[in-house]
Amino acid sequence: MKSASMARRAAVESGSPSFSCANALLILVSALLALGPPVAAQAPQKNVLILSQGRGRVSINQMEASLRAHFSEPVNFSIVDLDNPRFEQESYQDNLAEALQQGYSGERLDLVVAVMTPPLQFAVRYRDKVFPGVPIVFMSIDSPLPAKMWPGVTGVQSASGVRETIDLALRFHPDTQAVAVISKASGPNKHWYIAEHSELLRHQDKVREIDLLGPASPELLQRVAELPPDTVVLFQLYPEDADQPAFGALDVLASVAQRFPTYSILPHIILGRGGVAGASYDPTKDAVLAGELAARVLSGERADSIPVVQNSDSIVSVDWRQLRRWHIPESALPPGTRVLYRDPTLWEQGRKYFLTGIAVILVQSLLIFGLFWQRTRRRKAELKLEKSEEKFSKAFRQSPFAITIVTARDGCYVDVNGTFEVQTGWKRDEIIGRTPLEIDLWVDPDQRTTFMSELREKGNIRDLEVKFRRKDGQIRTSLGSAEMIEVNGELCALSVIADVTERKLAEEAISGFGRRLIEAQETERTRIARELHDDINQRLAMVAVSLKMLKQGLPNSDQKTSRGIEEACAQVSDLEMDIQTLSHRLHSSKLEYLGLEAAASSFCRELSERQNVKIDFRCHGLPEDLSGDVSLCLFRVLQEALHNALKYSGVNQYEVSLDCVSQAVQLRVHDSGVGFDPKLTTAGLGLGLTSMKERLKLVSGELSIHSKPQEGTTILARIPIGQGTIPDQRTTDRAAA
């Protein structure tokens with residue numbers, strides 16, 4: 001790019017006679033050229049020269065944005081403003097062309113964009129001299145184009161808005177008699193006058209045309225003053241930007257707009273200065289379309305092959321204040337009209353304050369509503385609490401159980417109910433503020449200490465059996481539960497207690513009765529076993545001897561009778577064996593004389609031989625001084641468990657173990673048979689299971705059954721033994737097959 005001094009020196013040395021009048025122009029052009037960006041150091045960029053007339057900078061920016069959106073390569077833009085009062089002079093244009101030629105002689109231009117009609121005419125006229133072969137794209141052109149487009153030229157032709165403006169004026173003012181056209185009949189914008197004159201010919205039967213042609217002057221104002229009433233003015237004088245005269249176009253506009261409704265296809269000039277309305281092309285759409293065409297040309301398309309794009313859309317703009325002045329209703333406006341300078345409504349004027357006030361009112365309303373809601377909620381909660389307290393107080397006073405409330409801090413009584421007074425003999429007023437230890441209520445004080453510690457740790461205790469002492473000294477038994485609660489902000493323990501003394505006595509009576517029944521049963525079993533063994537079995541032996549002696553007395557010829565006697569002897573022998581087995585089952589002498597281990601081992605061996613099954617018996621650590629009651633109980637459980645297994649398991653192999661585990665004797669009988677659901681079986685409690693449970697209960701033992709369908713069954717009988725018992729560490733492992 002040439003520097004400003006180089007361009008200026010080149011112009012001076014050319015010896016042009018018009019240099020003196022164009023000196024300022026050359027300096028301006030040279031400075032604009034000097035502002036061009038430096039040559040790209042990396043990727044080559046496209047160079048675009050924009051020729052404008054100074055009134056379309058916004059449109060130029062929109063065109064550049066549209067071009068970059070459709071063209072990805074870097075683009076360098078240079079803008080030359082051709083707006084000058086002397087631009088219409090041919091010598092000025094010659095000097096300008098020469099300055100541009102010198103300024104761009106060392107640069108490669110890829111595209112020229114002409115904005116408005118005069119720059120387009122200049123670009124076409126001097127293209128061969130300034131930028132030969134460079135394509136041209138034009139925009140913002142509302143003048144007629146030649147029938148045959150110039151080579152290498154395309155662009156966007158815009159609607160002038162003349163027809164729309166005249167139709168709008170006559171619609172707003174139906175009584176119009178004349179239309180005055182204030183314009184220039186010469187110059188670059190004379191096509192506006194020609195277009196307006198042609199359009200008014202369509203309305204010559206309704207209105208007459210009055211032409212006020214020429215530059216702005218006092219004489220033009222005098223002619224305006226002579227216009228008849230019912231006249232509408234079409235104002236087309238463009239203000240001059242340079243060499244401002246003493247009397248200009250805006251002065252004429254101010255005078256005209258005071259007397260007549262004024263319209264123009266240049267709404268940006270008259271609106272806000274007394275003009276009513278005007279229609280013009282959409283500059284944004286025009287710039288976007290031109291940017292798309294420029295991108296296509298830079299991408300390699302020939303400008304000749306791209307037809308000129310018609311931007312036929314026009315935008316109507318009105319001054320709302322002038323609508324009110326000339327009594328034009330807004331309902332008469334065409335759709336899409338831009339209404340400018342509308343007086344703000346009361347809402348628009350005070351919108352900020354209204355919104356602030358509404359927000360404050362809403363916040364206050366929400367706060368008030370929240371307060372009422374909170375108050376209502378609190379009242380409901382209080383009523384609910386009162387009802388709950390009333391219900392609790394009623395239940396507390398009338399409960400059939402003794403209820404106490406003591407502080408967790410020191411264990412003093414806070415309150416007790418009437419049932420507590422009846423059960424303990426202590427009156428409420430006698431014990432409030434005192435502890436159970438002070439009135440000697442707990443038989444075992446250490447149990448209370450443990451109870452309070454566990455309650456503080458867990459928060460609740462269930463089914464605790466306690467012996468307490470009444471005021472009269474009587475010892476009673478109670479069963480109760482306790483839970484930590486808060487009373488008036490203090491942590492307390494709420495206890496619910498039931499006197500179960502009668503129930504415990506009944507249980508002990510039943511237990512004693514059961515023990516006596518079992519003892520009677522065992523005594524009777526022993527008696528029957530001895531009778532079978534000592535009497536019946538001996539008598540059968542005598543019968544067997546008699547039969548054998550009878551056989552010996554028979555002659556050898558009586559073989560039939562001899563065989564009958566032999567069969568009878570065999571039957572008697574089997575009967576002897578069955579009676580002996582029954583006798584051992586009813587009462588095991590081995591259990592009485594040899595102990596549980598020998599009796600259990602013998603029973604498993606005899607049962608396996610008799611039933612043809614396999615029983616694995618193991619014994620480990622069984623105490624030598626095991627009591628007879630415990631031994632008998634476990635032996636009977638073993639008998640019942642094995643007989644049940646043989647009957648229901650469906651297998652022929654079983655496991656039996658006797659162990660001393662954790663200060664308890666444990667009997668385990670296991671099979672891998674069909675199993676069952678213990679819940680369904682124990683719900684009915686068959687005689688076998690009931691008998692085992694009752695026997696174990698008499699010796700403080702417990703029975704547990706583990707079984708699932710198709711997963712076998714395990715029966716565990718566990719009886720605690722005294723701490724002083726020393727278990728024998730001998731181990732006996734026997735297998736009876």
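From a predicted model like this one, the values you see are computed outputs, not experimental measurements. (Residues numbered from 1 in each chain as written. Predicted model: local features only at pLDDT ≥ 70, side-chain atom pairs only at ≥ 80, totals over all residues. Heavy atoms only, no water.)

### Examining the overall build of the protein chain
Thought 1: For the protein chain, the count of helices and strands is 24 helices and 24 strands.
Thought 2: In the protein chain, which comprises 737 residues, the share counted as buried stands at 42%.
Thought 3: Taking the intrachain contacts of the protein chain between residues at least 6 apart in sequence as the baseline, contacts between residues at least 24 apart amount to 65%.
Thought 4: Of the roughly 40,600 Å² of accessible surface on the protein chain, 53% is carried by carbon and sulfur atoms. (Helix = DSSP H or I, 4+ residues; strand = E, 2+ residues; numbered from the N terminus. Buried < 20%, exposed > 50% of the residue type's maximum accessible area, 1.4 Å probe, protein only. Contact = heavy atoms within 4.5 Å. Areas by Shrake-Rupley, 256 points an atom, 1.4 Å probe, with all protein chains shown as cover.)

### So, the sheet that holds strand E15 (residues 413–416)
Thought 1: With respect to topology, five strands assemble into an open sheet ordered E15-E14-E18-E17-E16, the strand pairing being antiparallel. The two strands at the open ends of the sheet, each matched to only one other strand, are E15 and strand E16 (460–469). Sheet twist, expressed as the average angle between the axes of neighbouring strands with direction ignored, equals 30°.
Thought 2: Contacts from helix H17 (residues 445–458) reach strand E14 (402–407), E16, strand E17 (475–487) and strand E18 (490–499) within the one sheet, and its direction differs from that of E16 by about 165°. (Pairing = 2+ DSSP bridges. Axes fitted to C-alpha atoms, helices over the stretch in contact; angles between N-to-C directions.)

### Some thoughts on the packing of helix H8 (residues 218–225) against helix H9 (residues 249–259)
Thought 1: It is at 10 Å that the axes of H8 and H9 come closest, and there the two elements cross at 5°. Classified by the angle their axes make, H8 and H9 are roughly parallel. Residues Leu220, Leu221, Val224 and Ala225 of H8 lie in contact with H9, whose contacting residues are Val252, Ser255, Val256 and Arg259.
Thought 2: The residue inventory of the contact of H8 with H9, partitioned by class, reads six nonpolar, one polar and one charged. (Parallel < 35°, antiparallel > 145°, perpendicular 65-115°, else oblique. Nonpolar A, V, L, I, M, F, W, Y, C, P; charged D, E, K, R; others polar.)

### Structural notes on the side chain of His203
Thought 1: Counting through the fold element by element, His203 comes out in the loop between helix H7 (190–200) and strand E7 (208–213).
Thought 2: Residues within four places of His203 in sequence aside, it is in contact with Ile166, Asp167 and Leu170.

### As for the confidence of the model for the protein chain
A low pLDDT means the predicted coordinates there should not be read in detail.
Thought 1: The predicted model of the protein chain averages 81 in pLDDT, with 83% of residues at 70 or higher.
Thought 2: No element of the protein chain has a lower mean pLDDT than helix H1 (residues 4–13), which averages 34, and none a higher one than strand E9 (residues 262–263), which averages 96. (pLDDT = per-residue confidence, 0-100.)

### Some remarks on the environment of Arg259
Thought 1: Tracing the sequence through the fold places Arg259 in helix H9.
Thought 2: By relative accessible area, which is 39% here, Arg259 ends up partly exposed.
Thought 3: Along the sequence, Arg259 and Val233 sit 26 residues apart, while their C-alpha atoms lie 9.8 Å from each other.
Thought 4: With sequence-adjacent residues up to four places away left out, Arg259 is seen in contact with Val224, Ala225, Glu226, Leu227, Arg325 and Trp326.

### Focus on the packing of aromatic side chains
Thought 1: The tally for this structure, following the rule as stated, stands at seven aromatic pairs.
Thought 2: Where Phe172 meets Tyr263, the ring centres are 6.5 Å apart and the plane angle is 45°; that geometry is what we call tilted. Here the residue Phe172 occupies a position in helix H6 (residues 162–172), and Tyr263 occupies one in strand E9, the gap between them amounting to 91 residues. With respect to class, Phe172 is no different from Tyr263; both count as buried.
Thought 3: Aromatic pair Tyr413 and Phe420: ring centres 5.8 Å apart, planes at 50°, arrangement tilted.
Thought 4: Assessed through its relative accessible area of 5%, Tyr413 is described here as buried.
Thought 5: Residue class for Phe420 comes out buried when judged on its relative accessible area of 3%.
Thought 6: Of the aromatic side chains, those joined through ring pairs into one cluster are Phe87, Tyr92, Phe122 and Tyr126.
Thought 7: Its end group placed over the ring of Tyr341, Arg321 keeps NZ or CZ at 4.4 Å from the ring centre. (Phe/Tyr/Trp six-rings, centres within 6.5 Å; stacked < 30°, edge-to-face > 60°. Lys NZ or Arg CZ within 6 Å of the ring centre and 35° of its normal.)

### Looking at the pattern of salt bridges
Two side chains bearing opposite charge may form a pair once their charged atoms approach each other closely.
Thought 1: Overall, the coordinates contain 26 salt bridges when judged by the stated rule.
Thought 2: Arg202 is the partner of Asp167 in a salt bridge, and the nearest nitrogen-oxygen pair spans 3.4 Å. Here the residue Asp167 occupies a position in helix H6, and Arg202 occupies one in the loop between H7 and E7, the gap between them amounting to 35 residues.
Thought 3: A residue is classified by how much of its surface remains accessible, and Asp167, at 29% relative accessible area, is partly exposed.
Thought 4: Two residues, Glu438 and Arg434, come together in a salt bridge whose shortest N-O distance is 3.8 Å.
Thought 5: The exposure class of Arg434 is partly exposed, given its relative accessible area of 29%.
Thought 6: Connected through shared salt-bridge partners, Arg163, Asp167, Glu199 and Arg202 make up one network. (Salt bridge = Lys/Arg side-chain N within 4 Å of Asp/Glu carboxyl O.)

### Section: empty space enclosed by the protein
Thought 1: One pass over the structure, following the stated rule, counts three cavities of 30 Å³ or more.
Thought 2: Roughly 330 Å³ of volume is contained in the largest cavity.
Thought 3: In terms of lining residues, the largest cavity is bounded by 24 residues, among which Thr404, Trp442, Ser478, Ser495 and Ile497 are the most central.
Thought 4: Of all the secondary-structure elements, those providing two or more residues to the lining of the largest cavity are E14, helix H15 (418–424), H17, E16, E17 and E18.
Thought 5: Counting residues per element, the lining of the largest cavity draws most heavily on E17, at five residues.
Thought 6: Here the lining of the largest cavity is built from residues that sort into 16 nonpolar, seven polar and one charged. (1 Å grid on protein atoms, 1.4 Å probe; cavity = no way out; pocket = protein on both sides within 12 Å on 5 of 7 lines; lining within 4 Å. Points joined across faces, edges and corners; volume = space filled by probe spheres on them.)

### Here we look at the pairing of strand E5 (residues 153–158)
Thought 1: Of all six residues making up E5, six are buried, and the element is well covered by its neighbours.
Thought 2: Two elements, strand E4 (residues 136–141) and E5, share four bridges in a ladder whose sense is parallel. Across the sheet, Ile141 pairs through a bridge with Gln157, a residue of E5.
Thought 3: Judged from the three bridges that link them, E5 and strand E11 (residues 309–311) form a sheet pairing that is parallel. What sits directly across from Gln157, in E11, is Gln310.

### Some words on the sheet that holds E4
Thought 1: Spatially, the six strands line up as an open sheet ordered E2-E1-E3-E4-E5-E11, and their pairing is parallel. Only two strands of the sheet have a single neighbouring strand rather than two, namely strand E2 (75–81) and E11. For this sheet, the mean angle separating the axes of adjacent strands, direction not counted, is 15°.

### Focus on H17
Thought 1: Along its 14 residues, H17 runs 20 Å from first to last C-alpha, staying within 8% of the 20 Å computed at 1.5 Å per residue.
Thought 2: Residues of H17 that are buried include every one of Arg448, Phe451, Met452 and Leu455, and no others. Down the axis of H17, the sector holding all buried residues measures 95°, keeping them to one side. Turned more than 90 degrees away from the buried face of H17 sit Asp446, Thr449, Glu457 and Lys458, all of them exposed.
Thought 3: Along its buried surface, H17 packs onto E14, E16, E17 and E18. (Expected span 1.5 Å × (residues − 1). Arc of directions from axis to C-beta.)

### Observations concerning the pairing of strand E1 (residues 46–52)
Thought 1: In terms of burial, E1 is a largely internal element, six of the seven residues being buried.
Thought 2: Bridge count between E1 and E2: seven bridges; the pairing is parallel. Residue pairing for E2: Asn47 is matched across the bridge by Asn76.

### Re the nonpolar core
Thought 1: Ranked by internal contacts, the top residues of the largest apolar core, which has 45 residues, are Ile182, Leu227, Val233, Phe235 and Tyr263.
Thought 2: If one sorts the elements of this core by residue count, H6 sits on top with six residues.
Thought 3: Other than its neighbours up to four places away in sequence, Ile182 contacts Leu212, Leu220, Val224, Val233, Leu234, Phe235, Gln236, Leu237 and Val256.
Thought 4: Residues Leu607, Phe617, Val637 and Ile705 belong to the second largest nonpolar core, which totals 38 residues. (Core = buried A, V, L, I, M, F, W, Y, C linked by side-chain atoms within 4.5 Å.)

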